[in-house]
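# Observations on the model geometry
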Protein chains: 4
Amino acid sequence: MKRKVINDPVYGFITIDNELIFDIINHPWFQRLRRIHQMAMAQLVYPGAVHTRFHHCIGAYHLMRYALFELKQKGIDITPEEETAAKIAILLHDMGHGPYSHALEGILAIDVHHEDLSAAIMVQLNKEFNGQLQMAIDIFNDVYHKKFLHQLISGQLDVDRMDYLTRDSFFTGVSEGVIGYDRILKMITVHEGDLVIEEKAIFSVEKFLIARRLMYWQVYLHKTVLVAEQMLRKIMLRAREIGATSGSPFLNKILHTAKEDIVIEHMLTDFCSIDDYDILSAIKLWMLHEDFVLASLCTAIINRKLLKINFVEENEIDAALTKYKQSIQKNYTNIDEKVVSYFVFGGMVKNQLYKTDYEKIKILYKNGSIKDISQVDNALMYKNLATAEQKYYICYLSN
Amino acid sequence: MKRKVINDPVYGFITIDNELIFDIINHPWFQRLRRIHQMAMAQLVYPGAVHTRFHHCIGAYHLMRYALFELKQKGIDITPEEETAAKIAILLHDMGHGPYSHALEGILAIDVHHEDLSAAIMVQLNKEFNGQLQMAIDIFNDVYHKKFLHQLISGQLDVDRMDYLTRDSFFTGVSEGVIGYDRILKMITVHEGDLVIEEKAIFSVEKFLIARRLMYWQVYLHKTVLVAEQMLRKIMLRAREIGATSGSPFLNKILHTAKEDIVIEHMLTDFCSIDDYDILSAIKLWMLHEDFVLASLCTAIINRKLLKINFVEENEIDAALTKYKQSIQKNYTNIDEKVVSYFVFGGMVKNQLYKTDYEKIKILYKNGSIKDISQVDNALMYKNLATAEQKYYICYLSN
Amino acid sequence: MKRKVINDPVYGFITIDNELIFDIINHPWFQRLRRIHQMAMAQLVYPGAVHTRFHHCIGAYHLMRYALFELKQKGIDITPEEETAAKIAILLHDMGHGPYSHALEGILAIDVHHEDLSAAIMVQLNKEFNGQLQMAIDIFNDVYHKKFLHQLISGQLDVDRMDYLTRDSFFTGVSEGVIGYDRILKMITVHEGDLVIEEKAIFSVEKFLIARRLMYWQVYLHKTVLVAEQMLRKIMLRAREIGATSGSPFLNKILHTAKEDIVIEHMLTDFCSIDDYDILSAIKLWMLHEDFVLASLCTAIINRKLLKINFVEENEIDAALTKYKQSIQKNYTNIDEKVVSYFVFGGMVKNQLYKTDYEKIKILYKNGSIKDISQVDNALMYKNLATAEQKYYICYLSN
Amino acid sequence: MKRKVINDPVYGFITIDNELIFDIINHPWFQRLRRIHQMAMAQLVYPGAVHTRFHHCIGAYHLMRYALFELKQKGIDITPEEETAAKIAILLHDMGHGPYSHALEGILAIDVHHEDLSAAIMVQLNKEFNGQLQMAIDIFNDVYHKKFLHQLISGQLDVDRMDYLTRDSFFTGVSEGVIGYDRILKMITVHEGDLVIEEKAIFSVEKFLIARRLMYWQVYLHKTVLVAEQMLRKIMLRAREIGATSGSPFLNKILHTAKEDIVIEHMLTDFCSIDDYDILSAIKLWMLHEDFVLASLCTAIINRKLLKINFVEENEIDAALTKYKQSIQKNYTNIDEKVVSYFVFGGMVKNQLYKTDYEKIKILYKNGSIKDISQVDNALMYKNLATAEQKYYICYLSN
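Described in the following lines is the structure provided in the data block. Quick caveat: nothing in here was measured; it's all calculated off a predicted structure.

Calculation rules
- Residues numbered from 1 in each chain as written.
- Chains lettered and ligands numbered in written order.
- Predicted model: local features only at pLDDT ≥ 70, side-chain atom pairs only at ≥ 80, totals over all residues.
- Heavy atoms only, no water.
- Phe/Tyr/Trp six-rings, centres within 6.5 Å; stacked < 30°, edge-to-face > 60°.
- Helix = DSSP H or I, 4+ residues; strand = E, 2+ residues; numbered from the N terminus.
- Buried < 20%, exposed > 50% of the residue type's maximum accessible area, 1.4 Å probe, protein only.
- Lys NZ or Arg CZ within 6 Å of the ring centre and 35° of its normal.
- Contact = heavy atoms within 4.5 Å.
- Buried area = accessible area lost by both parts, 1.4 Å probe.
- Salt bridge = Lys/Arg side-chain N within 4 Å of Asp/Glu carboxyl O.
- Polar contact = N/O pair within 3.5 Å; in protein donor to acceptor, adjacent residues only side chain to side chain.
- Nonpolar A, V, L, I, M, F, W, Y, C, P; charged D, E, K, R; others polar.

## With respect to the packing of aromatic side chains
The geometry of an aromatic ring pair is captured by two quantities: the separation of the ring centres and the angle between the planes. Here the structure, examined in full by the defined rule, presents 38 aromatic pairs over all chains. When the centroid spacing of 5.3 Å and the interplanar angle of 70° are considered together, the rings of A:Tyr11 and A:Tyr181 count as edge-to-face. Residue A:Tyr11 is found in the loop between β1 (4–8) and β2 (12–16), and its partner A:Tyr181 is found in helix α10 (residues 181–186); the two are separated by 170 residues along the sequence. Residue classification places A:Tyr181 among the buried residues on the basis of a relative accessible area of 17%. Ring centres 5.0 Å apart and planes at 75° place the aromatic pair D:Tyr216 and D:Tyr220 in the edge-to-face group. Note that D:Tyr216 and D:Tyr220 are positioned in helix α11 (residues 202–220) at a spacing of four residues, about one turn of the helix. What makes D:Tyr216 partly exposed here is its relative accessible area of 21%. In this structure D:Tyr220 comes out as buried when scored by relative accessible area, which is 16%. Every member of this aromatic cluster is reached through a ring pair, and the members are A:Phe170, A:Phe171, B:Phe170 and B:Phe171. Lying across the ring of B:Phe311, B:Lys391 places its NZ or CZ 4.8 Å from the centre.

## Digging into the interface of chain B and chain A
Taken together, the 43 residues of chain B in the interface contact 43 residues of chain A. For the pair chain B and chain A, the two sides together bury roughly 3500 Å², of which 59% comes from carbon and sulfur. Summed over the three residues of chain B that lose the most area to chain A, namely B:Pro47, B:Tyr277 and B:Lys284, the buried surface amounts to 19% of that side. The shortest N-O distance in the salt bridge between A:Asp275 and B:Lys284 comes to 2.5 Å. On the surface where chain B and chain A come into contact, there are 15 residue pairs in polar contact (both at pLDDT 80 or more). Mapped by element, the contributors of at least two residues to the side of chain B that touches chain A are β1 (4–8), α2 (28–31), α3 (53–73), α9 (159–172), α13 (249–255) and α15 (276–286) of chain B. The element that contributes the greatest number of residues to the side of chain B that touches chain A is α15(B), accounting for seven residues. When the residues that make up the side of chain B that touches chain A are grouped by side-chain class, the tally is 19 nonpolar, 15 polar and nine charged.

This is the structure in structure tokens:
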């Protein structure tokens, strides 16, 4: 196996030095992640945010490599097999994401969620790779006995989050999202089988949580991003409703399969054949569609003439919806009552800093005791940690 | 006009504070540049290199704004109208680029070059904007009397190059491509109508030329990038040859118009309707095509199983071509003589540091004299400046 | 006046384009800030933190320039005279800092604080510059009628803090201290004479406060930094106590002037003649001093063999002091009761995120209303903002 | 041995995980490097350039660690003892530098060069560390049989140069000095005992040489830096000439020892007791000296009112010297013929890109052959590589 080095503007160089990992990356289903944007429609606000889920997975793999190296340096027992398995698990953690990721999740393949797809895809890949992925799957599913390996993949301080915050911050240019991933990874260790973090990293962890909060409100849930992603969903729903087809046979099949006919295991090939390119091409085609609703939503998103969006108080939503619907029906004769909700609709977004019930962040004190970060005296977030914040929004057509 | 601020990971924030410029950016033909990658297939080697031509144009606009600010600070006479015109000219300089830019130039629309398309598009936009773009067009075409404005757009040290080197270096992570654009722009001035650069910037200019050279060999003309882009061309040529159509009516029209039927002015709407998404969707569709040549090239590029590529000496090309063609015809029964050149072919790439005949870099000395950089004593590149370097390559299918 | 450009690794280039400002920077009393470290003893932990107060003042000047530019773009009325005055005021805001800044404040010149010295120095400079600094002084002293100019210099979101957090973060390499100064400065404006910040910057402001908190605990109040700076104070106090002199006549005069003999206006020349070099040279000389206390503290700090330091609970201090004092007296026969407190001592450090009583951060909502950030619903810090955190520490000699 | 992690703004974190190395770093003679600026007087032009030789040595150590890691990954045989020895050798490579490094080399201790001091200091330290440094010394002196270890410390592409270029570029803010140290270190290997570099790194090597060239002319040999460092030398020479003493007994001893009385081995303690602080304090003291020459040079450098400096042609020097000397003697009655050469003097600086005779850069081709970079066809520098560039300057007092 010759070593392969990948240039990464975020971390410098990423090294691949294992043949199995190399082969997994070269698998068409993994290569397909090159064609799925990490941040869906955020690029309409942050033009640099065009990086891909492929890049994120490679980046999370790099942080896993770094984390395991640090843990081994601290004397934590990790076998070469476990190391490879943990790296594979993080590489594959997002395999179940489809076109435009979260923005179309549950919409394209009705009510199918990416975790279930990821699981099914891993099972299939494990067959192709003659069972070599079994330990990775066990770690991913949290049935492997060294729990900390799973916690590195999925937890409050996992390498998935560390990579996406770092990477999304880099590509959007939102410098406030920068986290000290290297400092945090230098200070993790394992205590009674759990991933814990040393006391002196407490301010870096606070900072990490705040950076995440900021990225949510400023980037992921930015108003313009929100409305664009909602329009994307409306487009797909309308296309299904009226039976519109695109140039992609795989997309057509996924989109027009009734919910009761879906069997995840049977749809894997179709699912892994579609990506952002199929969606956007379909939208471009539908700009010419005879259905006014579909055509106008498609044209709007391609030319970036989006619906308006406001944040409102919860109790103002109904009145606002009524007001805008009436206004539209007065001004647009071709938008009747049946379709007006494609042009006026509301919703809610939520952002919770820290879920105290699970995915805890455990702080290891010098005296050997452990505290959950939400219990640390003087810690800034203390009482605020567990409170979820939510915002209500309303989208509407306006001339 | 309220000011609009765009986050840019490269420069921080980019400010738009002119209504006409704002409207141009919002034009669907400009928004379309969001869907054209700046670096075509380079992302197959540098996964971060997925930024768009839209982003580059906005970035070059930012550098133009900065350059004009510096020149005005030095007392150079630039009217507000000229400033707006120069900014518009650089915004629009790449409008004629089609899908995958240089990689498919002259291929999609047979023998049509992006400069001619840019010119035609500007004329059309000028009509839509009631003649407000005329000065920008004059500057772009180098018929405006203040020549330095054109030189900022197109020359050895123009803001186009400064942005693309800086930006491509940023997104690829090739730190050696970093140039000191800010130092250079601090040291430009105007002498007898020409853009010149102060003596003390001479080392930064040297460095700029070297960084460009490095980016060419290491990134733009990287072997894997080369072969991927050649395969892209072969795919389009084959699709035309066998009359393959895609789901995009506009792409079909552009691709299958005979050379003699092309009238640039008549194709603008079709041309501005296609982008990287149409091309990649077509390729994905053609993976299923009955033509073996088309299907296998398309599958190869989507799954990143590329042809092999070697750099060779010029005099070795013919023998190598013969050898590989014979090998293929022995191993692949479905590749006959008529199509073997889709799987084995050679070519040449060239990189010239500095063209002494035009686009000079003029150095202004403290005593008021002017020298071309190729004439500066002691300057590193001196004799080497004008020598073009070329490399010959050969691509071939190999099992 | 020719423009002068200063290279700054933090902001790129800093431009000086005003003759008076140029002359102020060239004044020996301002040049002296080149010889005062911005972060005193922090370099013993963060080797990069050797930047100077000169650099910080130039940097804060740059941010002031940027802030005023943005405000003018938003239509805020600022005259050229006011612009120059505000720039001068920020340039001079730290003039009263002496060697090792806060670490020796009130120690070298007994109970003299840097604000009083700054004020006296500005008065003196104003004489030398023929009254041209009067408006700057008025802004600095908050008696100028446009209050927002003073708030840019001294407030919760002033350019002083923005520069030192950004700069200290840069030079220490503590990436978590990075703040989005550019985003905040893009979003300030003036409302009824006060500096306010637009609603959409609220997360950046939160982030700014958190970054400051992190820098305090992780850097400024780092245990090792604390003990080194306390040792520095002890050294100066001991030198005064025993009448030790150094090679610097000015330091000798400042150090050995009795409190009742101090007249700030008369000590300016002496004060502005000393800097970190005088202090460190004295310490190096005193390594050879016959007084065991002085010599051993000096040797310890020069060779970085510092006292031990622990954070303790408030109620544990007395017992700990007693314990360590007894231990020392047992082990070191030459440390008697009179001097033991040079080698065992305790103290308290405090860090308050936000002082609600003054220096408010006012948020301007789209509807024109104003709220203090501590009153914003859902804002993370809400109840925690005003709580000061304090830590108790104990330093002691240990073999 | 617990691991120690040092924050470095350039590389992030630097890990020390060896007890002997830890002890060497804690030795007072090594700690003394904290008080020697890496770039002497360059801070008068680049205010950020205040980093220390301590920081550089730690940084070079980090690159050595990285280089050895990469070589081991490629299968090069390096024992743990050799690894430690190579790290120690690079840590100690600059131990012989005195105050203001090159600027005062051969001046303070007459005609003593830092290589000889380094060698003597290492011998002394080896005694203190019971012979544990012997292999490091052998590597440093190039008598160890694995030559590539020495070449990593001293050669055209050594980690010393890589660190100082990277670090000086970082702290000055001269972005053009940025080199791709990580790419180069990824591509080194060992061939027949010699350090060689893989063919594909050739453009990075070119870029490295150009960046070095740029840093020399733009930073290290910047006119203002040159004149300040020459003045520093003149000050020391004058102080010796007139027998001026400072507050530092060690500096006095070093400065006033006659050349014939110098025995390097006997001066180590004195030498290792002085640093930039002793020099600058002496200069501050001498501002008050009765000797006009000494006092005025000292005042000039402290207040940054430097002599003027011009670059001239070699054949213009004599005339210029005469002209300026006459002018001074007319305008300054207290500068007579005997001392005028303290205020008017000339000199030469030289910068050679690549010395072909020794310290070669060897390129390893895929076919196993080796070429010196100066022999590579098409390489930009080809003929220019070996040409040394020199500039003549003249410094003079001017009112």
